[in-house]
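Per-entry structural report
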Amino acid sequence: MQFLKHSFPLLRTPALLIPVLFIMISCQPQTQRLATSTLNINQRVDSVLALMNLEEKIGQLTLYTTDWESTGPTIRAGYVDDIRSGRCGALFNSHTVDFTTQLQKVAVEETRLKIPLLFGYDVIHGYKTIFPIPLGESSSWDLTIMEKTAAIAAAEAAASGLHWTFAPMVDIARDPRWGRVMEGAGEDTWLGSRIAEARVKGFQGKGIGNTDAVLSCIKHYAAYGAPVAGRDYNTVDMSERAFREYYLPPYAAGIAAGAATVMTSFNDLDGVPATGSKWLMTDILRGELNFQGFVVTDYTAINEMTNHRVVADDKAAGELALQAGVDMDMQGAVFQRFLAQSLKEGKVSLQMIDQAVKRILRMKFELGLFDDPYKFSNAAREKATVFSAANRAVAREAVRGSIVLLKNKGNVLPLSKTQGKIALIGPLADSKADMLGAWSGSGDAKDCITLFEGMKNVIGASRVSYSQGCKVNGEDRSGFDAAIKLASGSDVVVLAIGEEAVMSGEAAARADISIPGVQEELLQKLLATGKPVVVVLMNGRPLAIPGVDSTANAIIEAWYGGTEAGNGIADVLFGDYNPSGKLTMSFPYSTGQIPVYYNEKSTGRPFNPESKWTSKYIDNPNAPLYPFGYGLSYTQFSISDPRVSKTSFSNRDTISVTVKLTNTGKRAGAEVVQLYIQDKVSEVTRPVKELKGFEKVMLEPGESKDIVLKLDKNHFSFFKRDMSYGTEPGEFLIMVGPNSRDLKTTTVKLID
Ligand code: BGC
């Protein structure tokens, strides 16, 4: 680091800075002129830029993966030579203090300008301490825990030499065939936006440059979560109205919360690949959302524009991307190979290149890397922070909160801690690797607690026995007999079934989202023993499980819980934690119902059971099996009719909606009180209901509490016919309840 400080005489030589400073000051508006610290970074950025040749500039726009891991075709070998020659300014899939130090050394000791490298990684739901998959965690409706787990993930990553996570993924997704639903926050725009804010705040902590925080990256901009037919990387086509109403807000919320970077998406949108869309990358992102950070592409997304067939070759793809507003090329080597030629031909301008370089350099300055390039690579901090007992304790808390109780007939749950023999069956009951879920950073399967281990940790080894029964996939029934025998000799069966972790995540779309293999058949065989069966589902997406729902005694949705999965699930099974999760994506009856989501619009022929000619299926209900917001508890709650502070209000008012929540059962528990609205008449068609507020409240048995939720014009605004955003006078339904289906309603009137 000493070396680096000496390598930038210009940065500290006032005489040489004066002309730059003068130009900067004379170009700045008054407000920015006063922001001295901003000006300082700008000066420093400019002074570095002034030293750079074109190849070095393009190098800063270039991000390569190391050979540690990769999520796509590795088209660039020899990345160390690229660093050495100044042709690569950022790396991903390189972490740990050792490895990042080695690579940083090449950059700051062997390159001409000694510009430090930026290290990124997919720290999606944990770095080494792995938390539940994000879709699972979103089911907690607990923004505090989501911010906390992101903060821990950031602290562990930053202690291991990383500066940047490619998270949070904030793509709204209404199609559970798409495997990447596991990585997001579900189907709802409003909740998704709050979760985007929480996760950005968690990752970036007290601010960029702190050694327990990393740069966040809002991805995948934009509308990547809406591929046709749920097939990953497929076309996205939707109206601008749908885009702005339902898909754009979470990206906007993450950016408003301070996200330092944005990643482009692979898909096209209305005929233009996102990575080459000036409308998305400049007009909306910079113009409307005032994004100040830098834009990185997704993995070879520039090159892929030739497959989209909007450009004939990689060179033209690079020009389109830079012109659109992309700053950094992930893994495609397109900028590196062609940008100099494109500049020569006048297809792109030096100003465009400089602009992108400045945005990236600025982030390196904000991180403090020019002052100390090894700032994030500290062996002592790595040892103390990564996978600490405290972090694992939070992981266990996160697992418990993410679990959703879907059914509990005859209160078979919670299980007794002291009596009865338990048969634990199923391919996911003791599979460490599956506990991690997809995108599990540098999490290690051997560190994971399985359900079998978690149950033994609570009740000891003598009362629980395990038999696999079958695999997740395939037709092999040879394990059935042993499982049935074990069940017959036990008092209760716990059956852990679902998907293998690799069946969701990137490039893992499914055309049929029922439970794979012979697992459901095994369930029926176990039920035939007459023993109560508690199904524990582990999966990365909503599944179509009408057969499980109609037969199993109890169902727990446990997702993939990460490192502490088994302990957290055992806490719920044995009642040490009363489940409080609520689904953030609807569970359909069948794959054919997809997409099915709670905030659908009214149709001209709404379903009416008395009439044939209405919108419905002849072989399936319209409503999902389990609606958005649904989840049970070991206690019961009642929610009163909503009361409003004003039945008639104006755009300048805030109205309060109050309900009385009572725990009418015998255990302490938490309920998520949810508030939805419906615009009764509006100039464009609107959803039948939209979530606009919630509160998660813990109550002792018999306790009551008034819950007050506030609404103002922001909650009632929408894109009108002319695409202006605002409210329209008229009546609104205000609906409050424990899920999106079972709601109590009142009416208010917006008068102007
Ligand atoms: C994924 C991104 C990820 C990137 C780098 C891509 O395939 O779509 O979400 O950040 O790989 O690993």
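Below is a summary of the structure that appears in this document. (Residues numbered from 1 in each chain as written. Predicted model: local features only at pLDDT ≥ 70, side-chain atom pairs only at ≥ 80, totals over all residues. Heavy atoms only, no water.)

1. With respect to helix H23 (residues 565–573)
The α-helix winds at 3.6 residues per turn, so residues separated by three or four positions along the chain end up facing the same way. Most of H23 sits inside the fold, with 9 of its 9 residues counted as buried. Of all the positions in H23, only Ala-565, Gly-566, Asn-567, Gly-568, Ile-569, Ala-570, Asp-571, Val-572 and Leu-573 are classed as buried. Next to the buried residues of H23 lie helix H17 (389–402), helix H18 (432–436), helix H19 (451–459), strand E14 (492–498), strand E15 (533–538) and strand E16 (554–557). Positive backbone phi, at 80°, marks Gly-575, one or two positions downstream of H23. (Buried < 20%, exposed > 50% of the residue type's maximum accessible area, 1.4 Å probe, protein only. Helix = DSSP H or I, 4+ residues; strand = E, 2+ residues; numbered from the N terminus. Contact = heavy atoms within 4.5 Å.)

2. Description of helix H21 (residues 519–527)
Within H21, burial applies to Gln-519, Leu-522, Leu-523, Leu-526 and Leu-527. Seen end-on, H21 carries its buried residues on one side only, within an arc spanning 135°. For H21, the elements touching its buried residues are strand E12 (422–425), helix H20 (480–488), E14, E15 and helix H22 (546–551). (Arc of directions from axis to C-beta.)

3. Section: the sheet that holds strand E11 (residues 404–408)
The sheet built from 6 strands is open, its strands ordered E11-E16-E15-E14-E12-E13 with mixed pairing. In this open sheet, the two edge strands, each paired with only one partner strand, are E11 and strand E13 (464–467). The mean angle between the axes of side-by-side strands here comes to 20°, regardless of whether they run parallel or antiparallel. Of the strands in this sheet, E12, E13, E14 and E15 touch H19, which is tilted by about 170° from E13. (Pairing = 2+ DSSP bridges. Axes fitted to C-alpha atoms, helices over the stretch in contact; angles between N-to-C directions.)

4. Overview of the environment of Thr-261
As for its position among the elements, Thr-261 is in strand E6 (residues 261–264). C-alpha separation for the pair Thr-261 and Trp-164, spaced 97 residues apart in sequence, amounts to 9.0 Å. Not counting residues up to four positions away in its chain, the partners in contact with Thr-261 are Trp-164, Leu-215, Ser-216, Cys-217, Ile-218, Phe-291 and Phe-294. Polar contacts involving the side chain of Thr-261 include one to the side chain of Trp-164, which spans 2.9 Å. (Polar contact = N/O pair within 3.5 Å; in protein donor to acceptor, adjacent residues only side chain to side chain.)

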